[in-house]
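A closer look at the structure
Single-letter residue listing:
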Amino acid sequence: MLSQRASRLLSRGFHRLPVSSRYYSSAAVGTSFNKKTIQQHERQLDITLGNNATAHPATTYTLPYFWLRDHCRCPSCYHPVTRQRLVNTFGLDRDIQPTSVTCETDGLQLVWPDGHTSHYAYDWVTTHGHQQKQRKKWTDALAPTEAIRLWRGGQDLIEGAERPRLTFEEVIETKQGLAQWLHRLEIDGIAFVEDVPTTLEATEQLARRLCFLRETHYSQGMWSFTADLAHADTAYTQLALGAHTDNTYFTEPSGLQMFHKLEFQGQGGDSLFVDGFSVAQQLKQQHPEAYATLTQTLIPTHSAGDEHVLIVPTPRAYPILNHDPLTGDLYQIRYNNDDRSTLNHLSPQQLDQFYDALFAWQKLLTDKSNEYWDPLPPGRVATFDNWRVLHGRSAFTGHRRICGAYFPWDDYRSRARTMRLSSKEKDRVL
Ligand SMILES: C[N+](C)(C)CCCC[C@H](N)C(=O)O
Ligand SMILES: O=C(O)CCC(=O)C(=O)O
Ligand SMILES: [Fe+2]
């Protein structure tokens, strides 16, 4: 039996697909509406906006007066440079009503009892106004211009017309190169940069072009590792590592991870990548109960190999599949079976349910059709979304050195957004 919450999650959209058109695109800057009607009520007004010429269907937005006053965008209520609220919300009358409401050409104008005048551009109204049928305002407006592309195996990732080769020089020297790289990370969750000089310094230069780095107990900034147990973690051995995400033991796992193989004399040691969102989608379709279980079961994790390290997240445990409570979208996978702590909080029956779900997940995760193996020759740098794409490696012999870095999630996303949103567009999502 599925719990109510689980069935609700299942009946919702799988994640942020599709986002091919931003929901506000129908009301591009300066759109004029030839149909504009207003109905005033006690605590709110209804405004209907439509334009048959541009095929914008007449839509009614409900705008509560207090909310409108609280969201006044004039420079004394909202700092135009810092984009922060200046109006004192708590000094406003909770029962405030406008003394006049007028439809101007470019927006709605309200005059308040104290004479204060507020102007709300129609773009803003259509973007933020309450509709009977609510859209996913927060995430969709911020989403990349193109829907994310789920992939299965390497075939989908091979360079071609859709994914032209990205080089070190292009990414370092040009803004388009950098934008393309960030775009690919947002859309595919993984991107390769070629012709990178095989030094830690050049790799760091490349890394810092993307975003500042995340420090961890492994290093300040860049790390570089071989199979010498310099840190007490299986990454520092020659063992094979199954598909996993890193930092499952952090309250906030790193958003991105970068790998560059600098040295290798030996056999094996290829890199494995799997699109976790694609595998999650397959699991949801094939085993909805398992999907629900992995969404609900809290998994405690730790990093504790090094003498002076005992890291566990706050809260203590998270599900493997994490959904945005506002939208129901899957936004993060936290999965490293090696770093799972003792399961001591589940009843025998819950354990059975969890292990069954885990087996279904692992079966899909290790399905050949979902795996992308890359020898990652020196010069080719892989960067990937550690909240979406799982990585691993085959066992190896000989000497192998990989350098790379972790990056913070919010800051990398911020960088990607500012590369694609103009200042005007930025205002619309706030
Ligand atoms: C990348 N670097 C070699 C520095 C550390 C690897 C850590 C792998 C660890 N078990 C985890 O999931 O985080
Ligand atoms: O050695 C590798 O290729 C990857 C090891 C690993 O999973 C990591 O460093 O996070
Ligand atoms: Fe790892």
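Rules used in this analysis
- Residues numbered from 1 in each chain as written.
- Chains lettered and ligands numbered in written order.
- Predicted model: local features only at pLDDT ≥ 70, side-chain atom pairs only at ≥ 80, totals over all residues.
- Heavy atoms only, no water.
- Near = heavy atom within 4 Å.
- Polar contact = N/O pair within 3.5 Å; in protein donor to acceptor, adjacent residues only side chain to side chain.
- Areas by Shrake-Rupley, 256 points an atom, 1.4 Å probe, with all protein chains shown as cover.
- 1 Å grid on protein atoms, 1.4 Å probe; cavity = no way out; pocket = protein on both sides within 12 Å on 5 of 7 lines; lining within 4 Å.
- Sits in = over half its atoms within 2 Å of the grid points.
- Nonpolar A, V, L, I, M, F, W, Y, C, P; charged D, E, K, R; others polar.
- Core = buried A, V, L, I, M, F, W, Y, C linked by side-chain atoms within 4.5 Å.
- Buried < 20%, exposed > 50% of the residue type's maximum accessible area, 1.4 Å probe, protein only.
- Helix = DSSP H or I, 4+ residues; strand = E, 2+ residues; numbered from the N terminus.
- UniProt positions renumbered as here; feature names shortened; annotations may be inferred.
- Donors = N, O, S within 2.8 Å, 3.2 Å for Na, K, Ca; no water.
- Contact = heavy atoms within 4.5 Å.
- Points joined across faces, edges and corners; volume = space filled by probe spheres on them.
- Axes fitted to C-alpha atoms, helices over the stretch in contact; angles between N-to-C directions.
- Parallel < 35°, antiparallel > 145°, perpendicular 65-115°, else oblique.
- Left-handed = near helix turned anticlockwise from the far one by under 90°.
- Pairing = 2+ DSSP bridges.

The subject of this paragraph is the site of ligand 1. In the neighbourhood of ligand 1, 14 residues make up the surrounding shell, with Asp233, Asn247, Tyr249, Asn336 and Asp339 lying closest. Take Asp339: an N or O atom from its side chain is 2.9 Å from a nitrogen atom of ligand 1. In isolation ligand 1 has 380 Å² of accessible area, and contact with the protein removes 97% of it. In this structure the site holding ligand 1 corresponds to the largest cavity. Counted by class, the shell around ligand 1 contains seven nonpolar, four polar and three charged residues.

Our next topic: the nonpolar core. Trp181, Leu185, Leu206, Leu210, Met258 and Phe407 are the most contacted members of the largest nonpolar core, which has 29 residues in total. Of all the elements in the fold, those that place two or more residues in this core are helix H5 (168–173), helix H6 (175–188), strand S7 (190–193), helix H7 (200–210), strand S10 (256–265), strand S19 (399–407) and helix H11 (409–420). Counting 27 residues, the second largest nonpolar core, distinct from the first, contains Val274, Leu330, Ala360 and Leu365.

UniProt feature "domain: Gamma-butyrobetaine hydroxylase-like N-terminal" (unreviewed entry): in the numbering of this structure it lies at residues 39–124. Regarding residues 39–124, the helix share stands at 10% and the strand share at 38%, and the terminal C-alpha atoms are separated by 18 Å.

Before going further, it helps to examine unusual backbone geometry. The omega torsion across Thr314 and Pro315 is -10°, close enough to zero to call that bond cis. Within the element layout of this structure, Pro315 appears in the loop between strand S12 (299–300) and strand S13 (317–318). Positive phi values are uncommon outside glycine, yet Leu229 reaches one of about 50°. Checked against the element boundaries, Leu229 lands in the loop between strand S8 (223–225) and strand S9 (241–244). The exposure class assigned to Leu229 is exposed, which follows from its relative accessible area of 52%.

Okay, the UniProt feature "domain: TauD/TfdA-like" (unreviewed entry) in the chain next. Those residues carrying the UniProt feature "domain: TauD/TfdA-like" (unreviewed entry) are residues 160–406 in this numbering. End C-alpha atoms of residues 160–406 are separated by 28 Å, and the span's content is 28% helix alongside 24% strand.

Okay, the coordination of the iron ion (ligand 3) next. Protein-derived coordination of the iron ion (ligand 3) comes from His244 (NE2), Asp246 (OD) and His391 (NE2), at a distance range of 2.1 Å. Within one chain, the residues donating to the iron ion (ligand 3) are spaced in sequence as H-x1-D-x144-H.

Here Trp373 shows up in strand S16 (residues 371–374). Overall, the relative accessible area of 37% leaves Trp373 in the partly exposed class. Counting along the chain gives 276 residues from Trp373 to Gln97, while the straight-line C-alpha distance between them is 63 Å. If sequence neighbours within four positions are ignored, Trp373 has contacts with Asp270, Ser271, Leu272, Arg393 and Ser394.

Summed over all chains, the structure comprises three cavities of 30 Å³ or more. A volume near 370 Å³ is recorded for the largest cavity. What lines the largest cavity is a set of 24 residues, and nearest its centre among them are Ala235, Leu241, His244, Asp246 and His391. Among the secondary structure elements, those contributing two or more residues to the lining of the largest cavity are S8, S9, S10, strand S18 (389–393) and S19.

Okay, the packing of H6 against H11 next. Between H6 and H11, whose axes approach to 10 Å, the crossing angle comes to 125°. In this view, H6 runs oblique relative to H11, as classed from their interaxial angle. Where H6 crosses over H11, the handedness of that crossing is left-handed. Here Lys175, Leu178, Ala179, Leu182, Leu185 and Glu186 of H6 lie close against H11, whose contacting residues are Tyr412, Arg413, Arg415, Ala416, Met419 and Arg420. Partitioning the contact of H6 with H11 into residue classes produces seven nonpolar, no polar and five charged.

Our focus in this paragraph is the site of ligand 2. All residues in the neighbourhood of ligand 2 are listed as Phe225, Ala235, Leu241, His244, Asp246, Gln257, Phe259, His391, Arg393, Arg400 and Ile402. Contact distances for ligand 2 include 3.1 Å between an oxygen atom and a side-chain N or O atom of His244. Calculation on ligand 2 without its partners gives an accessible area of 300 Å², and the protein chains cover 95% of this total. Taken atom by atom, the bulk of ligand 2 overlaps the largest cavity. Here the shell around ligand 2 is built from residues that sort into five nonpolar, three polar and three charged.

The next subject is the sheet that holds S9. Taken in spatial order, the four strands line up as S9-S18-S11-S16 in an open sheet, and their pairing is antiparallel. The open sheet has two free edges, formed respectively by S9 and S16, since each of these has just one partner strand. Across the sheet, the mean angle separating the axes of adjacent strands is 20° when strand polarity is ignored. Pairing of S9 with S18, which is carried by two bridges, proceeds in the antiparallel orientation. Looking at S18, one finds that His244 is bridged to His391. On top of the sheet, helix H8 (residues 276–286) reaches strand S11 (271–275) and S18; it is set at about 50° to S11, its chief contact.

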